[in-house]
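What follows is the residue order along each chain.
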Amino acid sequence: MKRTEPSGVSIDDQPGYYIRRLHQISVGIFMQELSGLGVTPVQYAALQTVSNQPGIDQRTLARTIALDASTTGGVVDRLEQRGVLERRTAPTDRRARQLWLTAEGRRLLAESVPAMLQAQQQILAPLTERQRAEFMRLLRRVVDRNNALSRAPSDA
């Protein structure tokens, strides 16, 4: 079996390196655009998902936004403490907690959307419209085809 010497490997040839860098850049742009609102990308994903699916339970939220249950619990705790999300006991299963946006949560989300969309535009700004469409198509394909390999696969 032929082995590659470690010195012969360049990180510039590794997709994982660029994916990590793009994640750093994406979070940096997101935080810059939403700096006055104090919303992280994961909190935004939770708020938007609860808005789109009022009464979603915490486990389904975790699977939908591809987070483990523990991390999701912490995100929900922080959003609840902030007064933008509330947990309610499910009427059909007293062990399940349904999630709902509060009036303040709806206001925060409405205020966040324009800045979030601006962040997404900024991330893709180096690409032409055609390249953006192709990039998103390929990105979805890579993520969808590798979803099962994630430590927290998405059900979305």
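Above this text is the structure in question.
Note that the coordinates shown come from a computational prediction; the quantities given were computed from them, not determined experimentally. (Residues numbered from 1 in each chain as written. Predicted model: local features only at pLDDT ≥ 70, side-chain atom pairs only at ≥ 80, totals over all residues. Heavy atoms only, no water.)

**Q** Is there a simple way to explain the packing of aromatic side chains in this structure?
**A** Note on aromatic pairs: each is described by the distance of the centres and the angle between the planes. Scanning all chains against the criterion turns up 2 aromatic pairs. On the basis of an interplanar angle of 80 degrees and a centroid distance of 5.1 Å, the ring pair of Tyr17 and Tyr18 is categorised as edge-to-face. Residue class for Tyr18 comes out partly exposed when judged on its relative accessible area of 44%. (Phe/Tyr/Trp six-rings, centres within 6.5 Å; stacked < 30°, edge-to-face > 60°. Buried < 20%, exposed > 50% of the residue type's maximum accessible area, 1.4 Å probe, protein only.)

**Q** I tried to follow the packing of helix H2 (residues 41-52) against helix H4 (residues 69-81) on my own but got confused; where do I start?
**A** Relative placement of two packed helices is described by the angle separating their axes and the distance separating the axes. The geometry of H2 relative to H4 is characterised by a closest axis approach of 10 Å and an angle of 80 degrees between their N-to-C directions. Comparing their axes, H4 and H2 come out roughly perpendicular. Between H2 and H4, the residues in contact are Val42, Gln43, Ala46 and Leu47 and Val75, Arg78 and Leu79, respectively. A per-class count over the contact of H2 with H4 returns 5 nonpolar, 1 polar and 1 charged. (Axes fitted to C-alpha atoms, helices over the stretch in contact; angles between N-to-C directions. Helix = DSSP H or I, 4+ residues; strand = E, 2+ residues; numbered from the N terminus. Parallel < 35°, antiparallel > 145°, perpendicular 65-115°, else oblique. Contact = heavy atoms within 4.5 Å. Nonpolar A, V, L, I, M, F, W, Y, C, P; charged D, E, K, R; others polar.)

**Q** Sorry, what's going on with the environment of Arg137 here?
**A** Its location among the elements puts Arg137 in helix H6 (residues 129-146). The spacing of Arg137 and Leu37 is 100 residues in sequence and 30 Å in space, taken between C-alpha atoms. There is a polar contact of 2.8 Å between the side chain of Arg137 and the side chain of Glu134. (Polar contact = N/O pair within 3.5 Å; in protein donor to acceptor, adjacent residues only side chain to side chain.)

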